[in-house]
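# Fold and geometry: a report
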Amino acid sequence: MRYGQRPPGPANSKPRINRWIRTGTRSWEAATRTETPPTVRLADYRPSPYLIRDVALDIRLDAVRTLVRSTLSIEPNGAAEAAGAPLRLDGEHLELLGISLDGERLAPEAYRLEEGSLTILSVPDRPFILEIETICNPEANTALSGLYLSNGIFCTQCEAEGFRRITYYLDRPDILATFTTRITAPSTEPVALLSNGNQVEAGTTADGRPYAVWHDPFPKPSYLFALVAGKLDFVEDSFTTMSGRQVALRIYVEPGKEDRCAWAMDCLKRSMRWDEEAYGREYDLDIFMIVAIPDFNMGAMENKGLNVFNDKYILALPATATDADYVHIESIIAHEYFHNWTGNRITCRDWFQLCLKEGLTVFRDQQFTSDTRSGVVKRIADVRLLRNQQFPEDAGPTAHPVRPSQYIEINNFYTATVYEKGAELIRMLRTMIGPDSFRRAMDLYFERHDGEAATMEQYIACMAEASGRNLDQFFRWYEQAGTPSVTVSTAYDPASGTFEIRASQKTPPTPGQPDKQPVPIPLAFGLVGPDGRDMALDREGLNAPADVLELTEASQVWRFTGIKQRPVLSINRGFSAPIRLQTDHGDADRLFLMGSDPDLFNRWEAGQIYAKAQLVELTRAVVEGRPLWETPDFAAALERCLADPELSPAFQAELLTLPSESDLASEIAANVDPVAIHHARRHLSASLGRSLHDRLLEAYEKAETSGAYLPDPDGVGRRSLRAACLSLLAAADPAEGARLAIAQINADRNMTEVFSGLAVIARLDRPERVEALEAFYRRAGDDHLLLDKWFALRATAPFSSTIAEVRALLDHPQMSLRRPNKVRALVGTFAAGNPVAFNDISGEGYALLADVLLRLDPINPQVAARMAGSFRSWPMLEPKRRALAREQIERIRTTPDLSRDLGEIIGMIAKG
Ligand code: 0A1
Ligand code: ZN
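To start, this report covers the structure provided alongside it. (Residues numbered from 1 in each chain as written. Chains lettered and ligands numbered in written order. Predicted model: local features only at pLDDT ≥ 70, side-chain atom pairs only at ≥ 80, totals over all residues. Heavy atoms only, no water.)

Our next topic: the overall build of the chain. The secondary structure content of the chain amounts to 27 helices and 31 strands. When its C-alpha atoms are laid out on the principal axes, the chain stretches across 90 × 65 × 60 Å. Across the 912 residues in the chain, those meeting the buried criterion constitute 60%. Put simply, of all contacts in the chain between residues at least 6 apart along the chain, 72% involve residues at least 24 apart. Accessible surface, the chain as shown: approximately 33900 Å² in total, 50% of it carbon and sulfur. (Helix = DSSP H or I, 4+ residues; strand = E, 2+ residues; numbered from the N terminus. Buried < 20%, exposed > 50% of the residue type's maximum accessible area, 1.4 Å probe, protein only. Contact = heavy atoms within 4.5 Å. Areas by Shrake-Rupley, 256 points an atom, 1.4 Å probe, with all protein chains shown as cover.)

What follows deals with the site of ligand 1. Surrounding ligand 1, one finds 15 residues, the nearest of these being E159, E302, E336, E358 and Y419. With respect to ligand 1, the side chain of K357 contributes an N or O atom lying 3.5 Å from a nitrogen atom. For ligand 1, an oxygen atom lies 2.7 Å from a polar atom in the side chain of Y419. Of all the secondary structure elements, the ones that give two or more residues to the shell around ligand 1 are strand 20 (300–301), helix 2 (323–338) and helix 3 (354–372). Here the residues of the shell around ligand 1 are counted per class, giving five nonpolar, five polar and five charged. (Near = heavy atom within 4 Å. Polar contact = N/O pair within 3.5 Å; in protein donor to acceptor, adjacent residues only side chain to side chain. Nonpolar A, V, L, I, M, F, W, Y, C, P; charged D, E, K, R; others polar.)

This part takes up the coordination of the zinc ion (ligand 2). For a metal bound by four donors in a tetrahedral arrangement, the ideal donor-metal-donor angle is 109.5 degrees, while six donors in an octahedral arrangement ideally sit at 90 or 180 degrees. Taken together, H335 (NE2), H339 (NE2) and E358 (OE) make up the full set of protein donors to the zinc ion (ligand 2), lying 1.9 to 2.1 Å away. In this structure, the zinc ion (ligand 2) is coordinated by four donor atoms arranged in tetrahedral fashion, with angles at the metal of 97 to 125°. In the primary sequence, the donor residues of the zinc ion (ligand 2) line up as H-x3-H-x18-E. No difference in accessibility class separates H335 from H339, as the two residues are buried. (Donors = N, O, S within 2.8 Å, 3.2 Å for Na, K, Ca; no water. Tetrahedral: all angles 85-135°; square planar, octahedral: opposite > 155°, others 65-115°.)

Attention shifts here to unusual backbone geometry. The amide bond that connects E159 to the next residue, A160, takes the cis arrangement and shows omega of -5°. Here A160 shows up in the loop between strand 11 (153–157) and strand 12 (177–184). Within the chain, D897 stands out as a residue other than glycine whose phi angle is a positive 65°. Topologically, D897 is positioned in the loop between helix 26 (879–893) and helix 27 (900–911). With relative accessibility at 34%, the residue D897 sits in the partly exposed group.

Have a look at this one:
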């Protein structure tokens, strides 16, 4: 029998008690949709009345009828006041076959089966054993939560609440149990059978099926459970930990893809070493496994000892993956690995504490990349991400605190706010207490809470205790949504040699939070003298360890004396706080900082601020039909930076890259015309491309890399400089741009160069475009990762005609709404990466997204809800587009039977 086909059901698979809720004509996913899903509130958190100590799972795999026998050692929770309470277990889409308590089969009157739960009405007030037998259907699981099939491979995704789709359980993160998992293959064919922990047994059943038993000695919440089974091959390596233990490392991939795992393995070993060196954290099992699968709702998942990855974040060869892919792989491998301590050993008490593991782990992966590559370039990338994704979220209808206080569907809260702003809060804490105290505080956190499910308060208590600082006010950052705006002005009095800095803060209202309190804002700063150096300052009166001003009140003043010449203030260095900043700098100050600030981040930032101000004005001129202008001073400043041998190519590339259209939209914030923004940005790019033509061409040629491809910081930096130069040259002269891009594609040195050439061509309205994209399609063949790149390139063209092209591509034989990567590549890129076509004045772009979301929602609600986020900035659009977008949002909102996921998000968005 071919693997993946349904084998004859096991003899005992006939339902004995069939209380499965039949779905009629509605889809499987729609079966549990209710009209008014309940809101879950942090304030309602109560410890569970029961604990589960050990779990034994016996899982007999079958594509459509997987049998799960679960044996749970349960005991009343002494800490909870619910003696004698019924035992309510979570469960969804399960067919219940039977339940026994301490070996006695339960009669149907002894329990209640409802949508989403199974309640045992009476249980002993001592430890007892509960055995439950259920059936689930992996093949029907298109939501990819629970046990599902990805290209014939059985795999699980249990975060946040997927375990309840495998068996009835106390599916909440504060229930920590040890797991022993026996997996029986679906047929006699040999397959990999994997779960968490260490393998303790393997063999063949009487009917010839392979089986394996895994035991994970570390108590863990159910969301960290994983099972993978299927035709997979692996590459193997090993790692010696700091205490000298040998750990086997394995990466499992679909057969034939083993040659694409070398980079991922290298990243894993470097991550393991880094966590030992930076945080003293050692790996704890005998084996660490990664499995790469093609269908996954997110990037990757940190299941204990068995990370599951979207294969685009594992597979890489120079001919198939770009530098950006290599760098993503590195940071995601690190992120998932670092979760072993921040997330797994210490997990979250409840889902409101998600930032405890995610913000902290993002911060740790940022540190790793920063140490591995260029610190400033990494910081710039993180700030760009924050501005492009988190700031608009914080300014729109889906704004929520880093630690939300309520949700309807927790999967909707895996957001840029929880992850990226969450990481910024950890970074601020470190800035405020200093790196040494921070490390001591982390040690204390690990020591105090290892093996526990913790809260944000407990984490902050460690920070406060180790540093001796009161961090009560800091906690507001976790509870208040919205990006604080900080206004800074300065005054210099040459007569007394006094320099004064005034700063004030204000956080705008966000949904449900009309009034905001001041938060502590650490502002790293320096006073830059005319010689381009920081002036030595009397640090007295500064309330932070380094050169940091702490703005804790609504407004504050700092005064410095003995200042002999007028300095230029460089503030929020390294983006020390995630704020919007308004200074009283004039253009001359900005250009000066761009050329001279000793803080490299702020050199870049000065250029961005200068360009942003110009672009906002140019956009206004486009809207009003006024003539546009050149920016010779800015061009000259860029030219000086390009000629500066002290600046790395990677940093120069960042200087040459203008603020994104989404960043500009959130800067303009009202009556936004995305097409006008696009024209203004293209105009400035073209103008810079013309005035810097020779310099750009020279830099482009000089940065060419030779020899074997390596994703090292220097090579990546050179190629990114080439891409930045090419983009400006193409804006100035599309014919020349196309010629250079085609040459780069044809040279075929590596996928980075090919793809950056294609990215330019794909956005040009020129005859070469069609031919180049067709050639790339032919080259992609059936390589699904290359096909995703092709879909994304097709979706990215900034023309109205792209809407019809994307619509047509939805019927392409390689496109499927069941495959998240495909949908994201085509529709996600269109909606989030092509503001011109998406916001086309016809409204057809909005209609296209709405159509896809309504088709996708019954198949995969999580992915539908996430993509609906592209509608979230509608309230700031100009009136015509606003009305068109609103119409589509309402069409979605009023569609019956929306999933909880899409229903919650679209409901929030519709409120505006
Ligand atoms: N915890 C993972 C991300 C993740 C979250 C939810 C998922 O399914 C709904 C899957 C993965 C991480 O931070 O990497
Ligand atoms: Zn994470």
